[in-house]
Amino acid sequence: MAEIIVITSGKGGVGKTTTSAAIGSGLAIRGHKTVIIDFDVGLRNLDLIMGCERRVVYDFVNVLNQEANLNQALIKDKRNSNLYILPASQTRDKDALTQEGVQAVLNELSESFEYIICDSPAGIEKGAQMALYYADQAIVVTNPEVSSVRDSDRILGILQSKSLRAETGAEPVKEHLLLTRYNPSRVEQGEMLSVEDVVEILAIPLVGVIPESEAVLKASNQGEPVIFDESADAGQAYSDTVARLLGEEVDFRFLEAGKKGFLKRLLGAK
Amino acid sequence: MADTSFQLKGSVVTTFILELYQYSREDFTQQLKDKISQAPDFFLQSPVVISLEKFENNELDIVQLLDVCREFKLQPMAFKAVNAKFEAAIKLTGLPLLSDTATRSVSKESVAPAPQQVIAEVEQASEYRRSKVITRPVRSGQQVYAEGGDLIILSQVSEGAEVLADGNIHIYGSLRGRALAGIKGDTSARVFCQKLEAELISVAGHFILSDSLDKTLQRQAVQVYLDEQTLHVVAV
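First, a word on scope: everything that follows refers to the structure included in this document. All values derive from a computational prediction rather than experimental measurement.

Definitions and cut-offs
- Residues numbered from 1 in each chain as written.
- Chains lettered and ligands numbered in written order.
- Predicted model: local features only at pLDDT ≥ 70, side-chain atom pairs only at ≥ 80, totals over all residues.
- Heavy atoms only, no water.
- Salt bridge = Lys/Arg side-chain N within 4 Å of Asp/Glu carboxyl O.
- Buried < 20%, exposed > 50% of the residue type's maximum accessible area, 1.4 Å probe, protein only.
- Helix = DSSP H or I, 4+ residues; strand = E, 2+ residues; numbered from the N terminus.
- Expected span 1.5 Å × (residues − 1).
- Arc of directions from axis to C-beta.
- Core = buried A, V, L, I, M, F, W, Y, C linked by side-chain atoms within 4.5 Å.
- Contact = heavy atoms within 4.5 Å.
- Pairing = 2+ DSSP bridges.
- Axes fitted to C-alpha atoms, helices over the stretch in contact; angles between N-to-C directions.
- Buried area = accessible area lost by both parts, 1.4 Å probe.
- Polar contact = N/O pair within 3.5 Å; in protein donor to acceptor, adjacent residues only side chain to side chain.
- Nonpolar A, V, L, I, M, F, W, Y, C, P; charged D, E, K, R; others polar.
- Phe/Tyr/Trp six-rings, centres within 6.5 Å; stacked < 30°, edge-to-face > 60°.
- Lys NZ or Arg CZ within 6 Å of the ring centre and 35° of its normal.

Side note on the pattern of salt bridges
Link 1 in the chain: One pass over the full model with this rule turns up 20 salt bridges over all chains.
Link 2 in the chain: Across the pair arginine 186 of chain A and glutamate 191 of chain A runs a salt bridge whose closest N-O atoms are separated by 2.9 Å.
Link 3 in the chain: Here glutamate 191 of chain A falls in the partly exposed class, since its relative accessible area comes to 47%.
Link 4 in the chain: A salt bridge links glutamate 197 of chain B to arginine 176 of chain B; the nearest nitrogen and oxygen atoms lie 3.7 Å apart. Placement of the pair is glutamate 197 of chain B in the loop between β11 (191-196) and β12 (200-203) and arginine 176 of chain B in the loop between β9 (169-175) and β10 (178-181), with a sequence separation of 21 residues.
Link 5 in the chain: Its relative accessible area of 19% is what places glutamate 197 of chain B among the buried residues.
Link 6 in the chain: According to the relative accessible area criterion, arginine 176 of chain B is buried, its value standing at 7%.
Link 7 in the chain: Put simply, Glu200 of chain A together with Arg176, Lys195, Glu197 and Arg219 of chain B are held in one network by salt bridges that share partners.

This is the structure we're talking about:
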């Protein structure tokens, strides 16, 4: 049985797809056979972030409607043979998703994969609810600002009430907090919520803190998940996150300003 | 012998009393609307007893008054302290007239026969108020209601969440959302919380907003109770 992990946030633009790509790739790099499903039907992005947009023939909705089989729709990553992508449809909308259809696809994927990463659309409506419904674990992606934190709180409430595990009274969905776009120097200046603030408000375990980084935008535009960039702080932070997700104990890095930037500042870089 | 079909029980039911001072359709409608808009969920389908004890005018269109109340989803269930002049009109509506003594059925002056009073007291003593216990955080957008008893939360109440109880509310964590105790009118209900950061706290319809909370009590353990129609927020 595969472990189903939903990457969700409520709010848009906080880094769900970047995180899905990075975590999925990270699990594959560590030898786990992983598939990332784009649930954002109508606003397909994952293929771009993964750099496979030219290879999309069939998509998730085609599979749901039995117009194609899974093997036709799955795209194998060129960098890592453990990694597959199931792209969303760009021409349809969220109504194309049905509970039975999603369940059938997840069941079939469960037979051959260890991890299924569900990249949730923003919002709390049907698309987001479908993405989280069958989840065993949830990574709640949050930016250190008040509106993102409140939306994350809202999605945690939905995980607790509208997931399959909640409805059947099974063990609750395991929740992880992932803080992205974290800028320690702005935290010190009081412009941004600190890790401690966010953890206190949301009251769920922290799985990672990804620093705000130019490497993320560059990685997105090049279609290369940032975790493959081993020199980038964001890439290293995602690697740490994957290790924690797999149960390893790793110290948190990039939480303080200045430490890493010392040499850079000496050289006059920003 | 046939099984018993029913049993008569003495019981005390909490309702709103609508104490009417004067009546004109426009003013009454407007004021009722304002009152209800403060807390629409409290009043939805609430039973209400209309008291004319302090009504000073001689003119009153009973049917219209009931229509306005029902329009706002209140459920008028009886009249009390009615002047003889209105009795006939009220009888036509089918709603009962409560005598003054009937509404004070638990008081010592009650003229109810002794055995019945004993039953009522026994019933009250044995009436068990169930508490609702919540162990996980109440998240933004969630609403938890403890009907007929206390609400105990062993975690936090997030901003944008709402917790309600007919009785008291105990929160062993941060209260960042809204807490409404005694929503069916129990003025003795209280709200207790470990860390006060609330958006709104209410007891029996009297509420206080975060802006009006004493800044020195922010993030402190407090209790909130009603005394002389005023909410008091004090450290515990």
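Notes on helix α1 (residues 25-38) of chain B
Residue and element names in this part refer to chain B.
Link 1 in the chain: Here α1 spans 20 Å end to end across 14 residues, near enough to the 20 Å set by a 1.5 Å rise per residue.
Link 2 in the chain: Buried residues of α1: Phe28, Thr29, Leu32 and Ile36, and no others. For α1, the angular spread of buried residues about the axis comes to 95°, placing them on one side. More than 90 degrees from the buried face of α1, the exposed residues found are Glu26, Gln31 and Ser37.

Description of the nonpolar core
Residues and elements named next belong to chain A.
Link 1 in the chain: Ranked by size, the top nonpolar core spans 50 residues in total, and within it Phe39, Phe60, Leu86, Val102, Leu109 and Ile116 carry the most contacts.
Link 2 in the chain: It is helix α7 (residues 146-162) that contributes the most residues to this core, 5 residues altogether.
Link 3 in the chain: Not counting the four nearest positions on each side in its chain, phenylalanine 60 is found in contact with Ile37, Asp38, Phe39, Leu86, Pro87, Ala88, Leu97, Val102 and Val105.
Link 4 in the chain: With 35 residues, the next largest nonpolar core counts Ala21, Leu46, Ile85 and Ala234 among its residues.

Structural notes on the sheet that holds strand β1 (residues 16-19) of chain B
Residue and element names in this part refer to chain B.
Link 1 in the chain: With respect to topology, 4 strands assemble into an open sheet ordered β1-β2-β3-β4, the strand pairing being parallel. Two strands bound the open sheet, and with one partner strand each, they are β1 and β4 (97-98).
Link 2 in the chain: Along the sheet, helix α3 (residues 62-71) contacts β1, β2 (47-51) and β3 (75-80); its crossing angle with β3, the most-contacted strand, is approximately 140°.

Concerning the interface of chain A and chain B
Link 1 in the chain: Contacts between the two partners involve 14 residues from chain A, matched on the other side by 14 residues from chain B.
Link 2 in the chain: For the pair chain A and chain B, the summed buried surface comes to about 1,100 Å²; carbon and sulfur atoms form 33% of the total.
Link 3 in the chain: Taken together, the connections running from chain A to chain B amount to 6 salt bridges.
Link 4 in the chain: For the salt bridge of arginine 176 of chain B with glutamate 200 of chain A, the shortest nitrogen-to-oxygen distance reads 3.2 Å.
Link 5 in the chain: Summed over the shared surface of chain A and chain B, the number is 9 residue pairs in polar contact (both at pLDDT 80 or more).
Link 6 in the chain: Put simply, the parts of the chain that give the side of chain A that touches chain B at least two residues each are α7 and α10 (195-202) of chain A.
Link 7 in the chain: Per-element tally for the side of chain A that touches chain B: the top contributor is α7 of chain A, with 7 residues.
Link 8 in the chain: Split into classes, the residues belonging to the side of chain A that touches chain B amount to 6 nonpolar, 3 polar and 5 charged.

Describing the packing of aromatic side chains
Given two aromatic rings, one states the distance between the centres and the angle between the planes to describe the pair.
Link 1 in the chain: Tallied over the entire structure, the rule returns 5 aromatic pairs over all chains.
Link 2 in the chain: On the basis of an interplanar angle of 80° and a centroid distance of 5.1 Å, the ring pair of phenylalanine 39 of chain A and phenylalanine 60 of chain A is categorised as edge-to-face. Here phenylalanine 39 of chain A, found in the loop between β2 (34-38) and α2 (46-50), pairs with phenylalanine 60 of chain A, found in helix α3 (residues 60-64); they are 21 residues apart in sequence, far enough to count as distant. Of the two residues, phenylalanine 39 of chain A and phenylalanine 60 of chain A, both sit in the buried class.
Link 3 in the chain: Pairing tyrosine 23 of chain B with phenylalanine 28 of chain B gives two aromatic rings, centres 5.3 Å apart and planes at 55°, and the pair type is tilted.
Link 4 in the chain: When its relative accessible area of 12% is taken as the criterion, tyrosine 23 of chain B is described as buried.
Link 5 in the chain: A relative accessible area of 9% means that phenylalanine 28 of chain B is categorised as buried.
Link 6 in the chain: Stacked on the ring of phenylalanine 252 of chain A, the Lys or Arg arginine 244 of chain A has its end atom at 3.8 Å from the ring centre.

Here's the deal with α7 of chain A
All names here are of chain A.
Link 1 in the chain: With 17 residues, α7 extends 24 Å from end C-alpha to end C-alpha; this agrees with the ideal 24 Å at 1.5 Å per step.
Link 2 in the chain: Along α7, the positions that sit buried rather than exposed are Ser148, Val149, Ser152, Asp153, Ile155, Leu156, Gly157, Ile158, Leu159 and Gln160.
Link 3 in the chain: The elements touched by buried residues of α7 are β1 (3-8), α6 (126-133), β6 (137-142), α8 (164-168), β7 (174-182) and α10.

Regarding the sheet that holds strand β5 (residues 132-134) of chain B
All names here are of chain B.
Link 1 in the chain: One open sheet holds the 6 strands; their spatial order is β5-β7-β9-β11-β14-β15, and the pairing between them is mixed. The outermost strands of the open sheet, each flanked by one partner alone, are β5 and β15 (230-235). Recorded for the sheet is a direction-independent mean angle of 20° between the axes of neighbouring strands.
Link 2 in the chain: Two elements, β11 and strand β14 (residues 222-227), share 3 bridges in a ladder whose sense is antiparallel. Among the inter-strand pairings, valine 191 is bridged to a residue of β14, identified as valine 224.

Here we look at the pairing of strand β8 (residues 206-211) of chain A
All names here are of chain A.
Link 1 in the chain: Counting buried residues in β8 gives 5 out of 6 residues, a clear majority hidden from the surface.
Link 2 in the chain: Bridging between β7 and β8 involves 4 bridges; their strand directions are parallel. Note that in β8 the partner of leucine 177 across the bridge is leucine 206.

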